[in-house]
Amino acid sequence: MKKYILVLLFSVSVIHSQTFQVEKLNGNVKMLSSNSNTWQQVKSKMILNENDVVSTDKNSSVLIKGNDLSFTLKESSAITVANIKNMTLDELILALAMENVMNTPRKKGNEKSDNTGVYGDKISKETLSTLNSNDFGMKRLNGAKQLAENGMKESAIVASKEIYRKYPDTKKDAESRIYFADLLFGSGLYEESYDEYTEIKLLELKSEQKSHVNEKLEQINKKLINK
């Protein structure tokens with residue numbers, strides 16, 4: 001089953017593979033590529049690979065253009081370039097299934113940082129510290145939200161799942177959890193969104209957040225009963 005999912009995901013990634021270029025730049029924007037162990041300054045007209053991570057500081061932004069879409073990463077945000085894409089509902093469901101596989105507990109002795117898994121073992125201590133920090137996880141959540149704001153809701157959901165896996169402390173942020181759970185609900189993935197809302201309910205919530213989560217759980221229960 002795992003091999004089958006991996007083959008399908010590889011096929012999807014090939015279909016979506018495209019070239020990205022920096023079109024407009026404002027302020028301090030950096031990127032980390034699989035070919036480098038340190039952050040580099042992003043420059044106008046720079047070509048980006050799908051595995052590159054782009055990060056903006058406060059009062060900074062960058063416009064990234066692909067073959068058939070464009071995306072502006074706003075201030076205090078970060079994103080993996082591969083997440084800048086449109087996805088179908090079927091592709092989203094497949095990606096969520098793969099995330100479930102990735103979340104399966106690993107055998108002791110095989111545990112390794114997800115970031116070193118992508119960028120290798122030669123990342124500098126400073127870069128690795130940034131990649132693994134909760135603050136950087138929140139910057140990536142900001143980037144994922146902006147994907148949804150630009151019509152790439154399915155990709156935003158997948159990005160959020162990856163972020164929550166790599167940065168567990170970010171799952172304590174109720175506002176973001178509700179935001180992405182609402183995207184799942186809006187996509188008609190009621191069982192998946194039910195699981196999310198159930199987890200969110202265990203967090204420390206404001207009164208309006210509690211009401212929202214309880215209301216969504218009630219709506220999903222009615223939809224699943226009437227299936």
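Our subject is the structure that appears above.
First, a word on scope: everything that follows refers to the structure included in this document. (Residues numbered from 1 in each chain as written. Predicted model: local features only at pLDDT ≥ 70, side-chain atom pairs only at ≥ 80, totals over all residues. Heavy atoms only, no water.)

Quick word on the overall build of the chain
And then number 1: Along the backbone of the chain there are nine helices and eight strands.
And then number 2: Counting the 227 residues in the chain, one finds 42% classified as buried.
And then number 3: As presented, the chain carries roughly 12,800 Å² of accessible surface, and 49% of it is formed by carbon and sulfur atoms. (Helix = DSSP H or I, 4+ residues; strand = E, 2+ residues; numbered from the N terminus. Buried < 20%, exposed > 50% of the residue type's maximum accessible area, 1.4 Å probe, protein only. Areas by Shrake-Rupley, 256 points an atom, 1.4 Å probe, with all protein chains shown as cover.)

Looking at the packing of aromatic side chains
And then number 1: Tallying each qualifying case throughout the model produces four aromatic pairs.
And then number 2: When the ring of tyrosine 164 is compared with that of phenylalanine 180, the centres are 6.4 Å apart and the planes differ by 85°; the resulting orientation is edge-to-face. Of this pair, tyrosine 164 sits in helix H6 (residues 153-166) while phenylalanine 180 sits in helix H7 (residues 174-186), placing them 16 residues apart in sequence.
And then number 3: The class of tyrosine 164 is buried, set by a relative accessible area of 8%.
And then number 4: Ring plane angle 65° and centroid distance 5.5 Å describe the contact between phenylalanine 185 and tyrosine 190, whose orientation is recorded as edge-to-face.
And then number 5: Against the face of tyrosine 179 rests lysine 145, its NZ or CZ located 5.6 Å from the ring centre. (Phe/Tyr/Trp six-rings, centres within 6.5 Å; stacked < 30°, edge-to-face > 60°. Lys NZ or Arg CZ within 6 Å of the ring centre and 35° of its normal.)

Observations concerning the environment of isoleucine 79
And then number 1: Structurally, isoleucine 79 is set in strand E8 (residues 78-80).
And then number 2: For the pair isoleucine 79 and alanine 159, spaced 80 residues apart in sequence, the C-alpha to C-alpha distance is 8.6 Å.
And then number 3: Not counting the four nearest positions on each side in its chain, isoleucine 79 is found in contact with Asp52, Val53, Val54, Phe71, Leu73, Ile84, Gly143 and Leu147. (Contact = heavy atoms within 4.5 Å.)

Some words on the pairing of strand E1 (residues 20-26)
And then number 1: Taken together, the two bridges between E1 and strand E4 (residues 47-48) define a ladder with antiparallel strand orientation. Bridging from a neighbouring strand, glutamine 21 pairs with isoleucine 47 of E4.
And then number 2: Across five bridges, the pairing between E1 and strand E6 (residues 61-65) is antiparallel. The residue of E6 that forms the bridge with glutamine 21 is lysine 65. (Pairing = 2+ DSSP bridges.)

Comments concerning the packing of helix H2 (residues 89-102) against H6
A pair of packed helices is characterised by two quantities: the angle between their axes and the separation of those axes.
And then number 1: For the pair H2 and H6, the least separation of the axes is 10 Å and the interaxial angle reads 5°. The angle between H2 and H6 places the two elements in the roughly parallel class. Contacts between H2 and H6 involve Leu92, Ala95, Leu96, Glu99 and Met102 from the first element and Glu154, Ile157, Val158, Lys161, Glu162 and Arg165 from the second.
And then number 2: Across the contact of H2 with H6, the residue classes tally to six nonpolar, no polar and five charged. (Axes fitted to C-alpha atoms, helices over the stretch in contact; angles between N-to-C directions. Parallel < 35°, antiparallel > 145°, perpendicular 65-115°, else oblique. Nonpolar A, V, L, I, M, F, W, Y, C, P; charged D, E, K, R; others polar.)

Details of the sheet that holds E4
And then number 1: If you walk across this open sheet you meet the four strands as E4-E1-E6-E7, and the pairing is antiparallel. Across the chains shown, the open sheet's two edge strands, defined by having one partner strand only, are E4 and strand E7 (70-73).

Considering the nonpolar core
And then number 1: One finds Leu48, Val54, Ile84 and Leu147 to be the most contacted residues of the largest nonpolar core, which totals 41 residues.
And then number 2: Every residue in contact with leucine 48, bar those within four places of it in the chain, is listed here: Phe20, Val22, Met31, Val54, Ile64 and Val81.
And then number 3: Of all hydrophobic cores here, the second largest spans ten residues; its members include Ala181, Tyr197, Val213 and Ile220. (Core = buried A, V, L, I, M, F, W, Y, C linked by side-chain atoms within 4.5 Å.)

Some details on the pairing of E7
And then number 1: Side chains Phe71 and Leu73 project from E7 onto a buried face, and the interleaved Ser70 and Thr72 project onto a face without burial.
And then number 2: Sheet topology note: the E6/E7 ladder contains four bridges and is antiparallel. By the bridge assignment, valine 62 is partnered in E7 with leucine 73.

Digging into the pattern of salt bridges
And then number 1: Applying the stated criterion to the full structure yields eleven salt bridges.
And then number 2: One salt bridge connects glutamate 149 with lysine 74, and the closest N-O pair in it is separated by 3.8 Å. With glutamate 149 in helix H5 (residues 134-149) and lysine 74 in the loop between E7 and E8, the pair connects residues that are 75 residues apart, well separated along the chain.
And then number 3: For glutamate 149, a relative accessible area of 52% translates into the label exposed.
And then number 4: A salt bridge links glutamate 196 to lysine 161; its shortest N-O distance comes to 2.8 Å. Highlighted residues: glutamate 196 in helix H8 (residues 190-200) and lysine 161 in helix H6, separated in sequence by 35 residues.
And then number 5: The exposure class of glutamate 196 is buried, given its relative accessible area of 9%.
And then number 6: Here the salt bridges share partners, and the residues they tie into one network are Lys161, Lys171, Arg177, Glu196 and Glu199. (Salt bridge = Lys/Arg side-chain N within 4 Å of Asp/Glu carboxyl O.)

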